[in-house]
Amino acid sequence: MKFINAFFIGILFVLAVIFTLFVGLKTSYFDYYKVSEYFNIIFVDSVPWLWILTISFVFGYLIFYTPFRKFIRIFYAIILLVCALSWQDQIGRKIGEFIFKGELTTIKPSPDLNITIKGNIIYTGRKQIYFLRGDTGKVIEIKRF
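Residues numbered from 1 in each chain as written. Predicted model: local features only at pLDDT ≥ 70, side-chain atom pairs only at ≥ 80, totals over all residues. Heavy atoms only, no water.

Glancing now at the pattern of salt bridges. The final tally for this structure, using the stated rule, is three salt bridges. Notably, a salt bridge pairs Arg126 with Asp45, separated by 2.9 Å at the nearest N-O pair. Of this pair, Arg126 sits in the loop between strand S2 (117-124) and strand S3 (128-133) while Asp45 is found in helix H2 (residues 39-46), placing the two residues 81 residues apart along the sequence. (Salt bridge = Lys/Arg side-chain N within 4 Å of Asp/Glu carboxyl O. Helix = DSSP H or I, 4+ residues; strand = E, 2+ residues; numbered from the N terminus.)

This next bit is on the packing of aromatic side chains. One pass over the structure, following the stated rule, counts 21 aromatic pairs. Geometrically, the ring pair formed by Phe3 and Tyr61 is stacked, given 6.1 Å between the ring centres and 15° between the ring planes. On the criterion of sequence distance, the pair formed by Phe3 in helix H1 (residues 2-30) and Tyr61 in helix H3 (residues 49-65) is long-range, its members being 58 residues apart. These aromatic residues form a ring-pair network of at least three members: Phe19, Phe22, Tyr29, Phe30, Tyr32, Tyr33, Phe39, Phe43, Trp49, Phe100, Tyr123 and Tyr130. (Phe/Tyr/Trp six-rings, centres within 6.5 Å; stacked < 30°, edge-to-face > 60°.)

A few words on the pairing of S3. Of all six residues in S3, five are buried; the element is thus mostly enclosed. Taken together, the five bridges between S2 and S3 define a ladder with antiparallel strand orientation. Bridge pairing in S3 places Tyr123 opposite Tyr130. Counting the residues that bridge the hairpin from S3 to strand S4 (residues 139-143) gives five residues, and of these Gly137 lies at a positive phi of roughly 80°. (Buried < 20%, exposed > 50% of the residue type's maximum accessible area, 1.4 Å probe, protein only. Pairing = 2+ DSSP bridges.)

Looking now at the nonpolar core. Ile18, Phe22, Phe30, Val35, Phe100, Ile122 and Tyr123 are the most contacted members of the largest nonpolar core, which totals 25 residues. Where this core is concerned, the elements lending two or more residues are H1, H2, H3, helix H4 (69-84), S2 and S3. The biggest single contributor to this core is H1, with eight residues. When neighbours within four sequence positions are excluded, Phe100 is seen to be in contact with Phe22, Leu25, Tyr29, Phe30, Ser46, Ile121, Ile122 and Tyr123. (Core = buried A, V, L, I, M, F, W, Y, C linked by side-chain atoms within 4.5 Å. Contact = heavy atoms within 4.5 Å.)

Take a look at the structure:
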């Protein structure tokens, strides 16, 4: 029973931290660059679920059943507060750029055209790539092919 409790409580606490981070990223990074993906799609596609399940069990066990659980609870509160900093626009944008923004690259928007554009990939969605043009600073949506 301890293990089942540890897993479910752990997943609740771990998802709270990740959700807090992604809400900040949505408002500070994705809305800034006008990425028109739904929050749920960004969240589900970006979270490594197999790692989350393992971490949830370990974290749930540490937070409830170890002798140093008070230290783990304080550590959790600090992590939650750090993730809440992503709600501040500049910090959230920097975190989003660190996680999602690609290096400067050249991309061909269509296989039929002989045009190449330099810039950065902001986010790769299921159906579209959001690309920040280096020359104009505007984000364009390119269909994945």
